[in-house]
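# Breakdown of the fold
Spelled out, the chains give:
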Amino acid sequence: MANVKLSGVWKYYSEEAAAVQDVKLSIDSGEFIVLVGPSGCGKSTTLRMIAGLESISKGEIEINGKVVNNVQPKDRDIAMVFQNYALYPHMTVEKNIGFALKISGMDKNEIKRRVLNTSSILGLDDLLRRKPGALSGGQRQRVALGRAIARDPAVYLFDEPLSNLDAKLRVTMRSELKALHRRLGTTTVYVTHDQEEAMTLGSRLVVMAGGKVQQIGTPLDVYNNPVNRFVASFVGSPTMNFIEGTIEGETFSPENSAVKIPLTAQIIDANALQSGQKLCLGIRPQSVTLAGDATPGIELDTTVELTEPMGDRVDLRLGLDESTQILARMPMNEVPANGASLRVKLPHEGMMFFEATEFGKRLGREPVAST
């Protein structure tokens, strides 16, 4: 196992365009770190710089205390698993797993031992004589994992390894990856655009956008305490409700709306709200409850615009008026009809205020432990 440190890492593809900007990240030995963000945010480029597949324009990358900026990928003691598996179609599963060991000059008996040990871990014993063309997508992904595991590297690097699998198989493979990490304990850096995958797998998340790190923290830290509007919108499913508007005394007035959302003195003080401020109110769909429960909150009258039953819960598109809507996700035995009136509550603890820009800072954000 190894620790990994990125110190002020930049990647320029031209003088004007920086794909990665000033990334600072310390990864402890044995950690499972997930780089997550939308397409083009710089997460895969960052991973490829750790691997040595992309040069570094500025900054330093250390693996186990050694600066590896100019070290070849084969000498970094890392193993990478790609999105497209990158298996050799003419080789059997056994030979695919052992190929990197063979070209490194390893003894045949040791190669055999490692391949058999790896196939046992991943449940590939019955597939060793098959070629990739005779395997399912999930089996191919296991072989790609096996090739990495057999090398026994200091660091695993995963570049969206599950994105080619169907939804059900992705969930299964997520569980297997998590169990595998618990068993092996190897330092892992994992890239995905799927925030649900990131929340499930990572001991810490590194949320990226526009080539920059927006927030680093545990999944619960990032979900409950987002640093800005982008993080709040990206992490969490369904996405957070955002209502832009203005503070007017002790109320929040959504834009182009006659609705007035009352604010308690506690909310005003906690967020240092001032009359005239143009802000964005955020609240997660899961935080919206039916009026009448014991949770402290602000009650509002709404109209059911759309219902989406989902078994043990229902997603409700609720209109505060013709111009302002919110999504609520609730456990309900009876699904209300479209057009029905529904009184709901916005719990005080679930209300977040952000500066009214895409990356607007969250007001009154609680401090979290150093990450």
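Whatever comes next refers back to the structure up there.
Residues numbered from 1 in each chain as written. Predicted model: local features only at pLDDT ≥ 70, side-chain atom pairs only at ≥ 80, totals over all residues. Heavy atoms only, no water.

## Description of the overall build of the protein
Note the threshold: Put simply, DSSP marks the helices as runs of H or I at least four residues long and the strands as runs of E at least two long, and each gets a number from the N terminus on. With a 1.4 Å probe rolled over the protein chains alone, any residue whose accessible area is under 20% of its type maximum counts as buried; one over 50% counts as exposed, and the rest are partly exposed. Only heavy atoms matter for contacts: two residues are in contact if any of them lie within 4.5 Å across the pair. Shrake-Rupley sampling with a 1.4 Å probe provides the accessible areas, and residues are treated as covered by the protein chains on show and by no other component. Under the convention used here, Asp and Glu are negative, Lys and Arg are positive, and both His and the chain ends fall outside the count. We put the charge of a Lys on NZ, of an Arg on CZ, of an Asp on CG and of a Glu on CD.
Scanning the protein from terminus to terminus reveals nine helices and 20 strands. Considering only C-alpha atoms, the protein reaches an extent of 75 × 50 × 35 Å along its principal axes. For the protein, with 371 residues in total, the buried portion stands at 50%. The contacts of the protein with a sequence gap of at least 6 include a subset with a gap of at least 24, amounting to 67%. Carbon together with sulfur atoms contributes 48% to the accessible area of the protein, which is approximately 17700 Å² in total. Here the protein holds 42 positive side-chain charges and 43 negative ones, and the gap between their average locations is 10 Å.

## As for the pairing of strand 8 (residues 187–192)
Applied cut-off: Strand pairing follows a simple DSSP-based rule, namely that at least 2 bridges must link the two strands. Note on handedness: a clockwise path from strand one over the helix to strand two, with the strands aimed away from the viewer, defines a right-handed crossover.
Within strand 8, six of the six residues are buried, leaving the element largely enclosed by the surrounding structure. In terms of strand pairing, strand 3 (residues 32–36) meets strand 8 through five bridges, oriented parallel. Note that in strand 8 the partner of valine 34 across the bridge is tyrosine 190. Of the strand pairs in this sheet, strand 7 (residues 155–159) and strand 8 are connected by five bridges, and their pairing is parallel. Counterpart to tyrosine 156 in the pairing with strand 8 is threonine 188. Of the crossover connections in this fold, the one passing from strand 7 over helix 5 (residues 167–184) to the parallel strand 8 is right-handed.

## Quick word on the sheet that holds strand 3
What links the strands of a sheet is backbone hydrogen bonding, and the strands pair in either a parallel or an antiparallel sense. Operational definition: Here an angle of 0 to 180 degrees is reported between the N-to-C directions of two axes, which are lines fitted to C-alpha atoms, with helices fitted over the stretch in contact.
Strands sit in the order 6-7-8-3-9-10 across an open sheet of six strands; the sheet is mixed. Of all strands in the sheet, those bounded by a partner on one side alone are strand 6 (78–81) and strand 10 (212–217). Going across the sheet, the axis of each strand differs from the next one's by a mean of 15°, ignoring polarity.

## A look at the packing of helix 2 (residues 93–103) against helix 4 (residues 137–150)
Heads up, the condition is: Here a crossing is called left-handed whenever its near helix is offset anticlockwise from the far helix by less than a right angle, and right-handed whenever the offset is clockwise.
The contact between helix 2 and helix 4 brings their axes to 8 Å, and the two run at 35°. The crossing of helix 2 and helix 4 is right-handed. Of the residues in helix 4, those touching helix 2 at Val93, Asn96, Ile97 and Leu101 are Val143, Gly146, Arg147 and Ala150.

## Regarding a positive patch on the surface
So the rule is basically this: Patch membership is restricted to residues that have no salt bridge and whose relative accessible area is over 30%. Joining uses 9 Å for like charges and 5 Å for the nonpolar side chains Val, Leu, Ile, Met, Phe, Trp and Tyr. Whenever a carboxyl oxygen of Asp or Glu lies within 4 Å of a side-chain nitrogen of Lys or Arg, that contact is scored as a salt bridge.
There is a patch of like positive charges on the surface, built from Lys95, Lys102, Lys108 and Lys131. Topologically, lysine 108 is positioned in helix 3 (residues 108–122).

## Side note on the environment of glycine 98
You can see glycine 98 is positioned in helix 2. Once the C-alpha coordinates of glycine 98 and lysine 112 are considered, the two residues, 14 residues apart in sequence, prove to be 7.7 Å apart.

## Observations regarding the pattern of salt bridges
In a structure, side chains of opposite charge can pair up when their charged atoms sit close to one another. All told, the structure shown has 18 salt bridges when counted by the stated rule. Here arginine 142 makes a salt bridge to glutamate 176, at a shortest N to O gap of 2.6 Å. Highlighted residues: arginine 142 in helix 4 and glutamate 176 in helix 5, separated in sequence by 34 residues. One network of salt bridges, in which partners are shared, links Lys11, Arg48 and Glu54.

## Concerning helix 3
What counts is decided by this rule: Expected helix span is given by 1.5 Å per residue-to-residue step, counting one fewer step than there are residues. Directions pointing from the helix axis toward each C-beta atom define the arc. Under this definition, polar contacts are N or O atom pairs within 3.5 Å; protein pairs additionally need one hydrogen-donor-capable and one acceptor-capable atom, and for neighbouring residues in sequence, both atoms have to be side-chain atoms.
A rise of 1.5 Å per residue sets the reference length of helix 3, with its 15 residues, at 21 Å; its end C-alpha atoms lie 21 Å apart and thus fit the reference within 8%. If you check which residues of helix 3 are buried, you get Ile111, Arg114, Val115, Thr118, Ser119, Ile121 and Leu122. The arc enclosing the buried residues of helix 3, seen along the axis, measures out at 155°, which places them on a common side. Looking at the buried side of helix 3, the elements it contacts are helix 2, helix 4 and helix 5. Structurally, the start of helix 3 carries an N-cap: the backbone nitrogen of asparagine 109 is 3.0 Å from a side-chain oxygen of aspartate 107. Just past helix 3, the residue glycine 123 takes up positive phi, approximately 70°.

## Describing the packing of aromatic side chains
Condition: The rule is short: rings of Phe, Tyr and Trp, with Trp giving its six-membered ring, pair when the centres are within 6.5 Å, and they are stacked under 30 degrees, edge-to-face over 60, tilted in between. Here, a charge over a ring is recorded when the distance from Lys NZ or Arg CZ to the ring centre is within 6 Å and its angle to the ring normal is within 35 degrees.
Under the counting rule described, the total for this entry stands at nine aromatic pairs. Members of the aromatic cluster, connected to one another through ring pairs, are Phe32, Tyr156, Phe158 and Tyr190. Residue placement shows arginine 229 over the ring face of phenylalanine 242; its charged tip is 4.9 Å from the ring centre.

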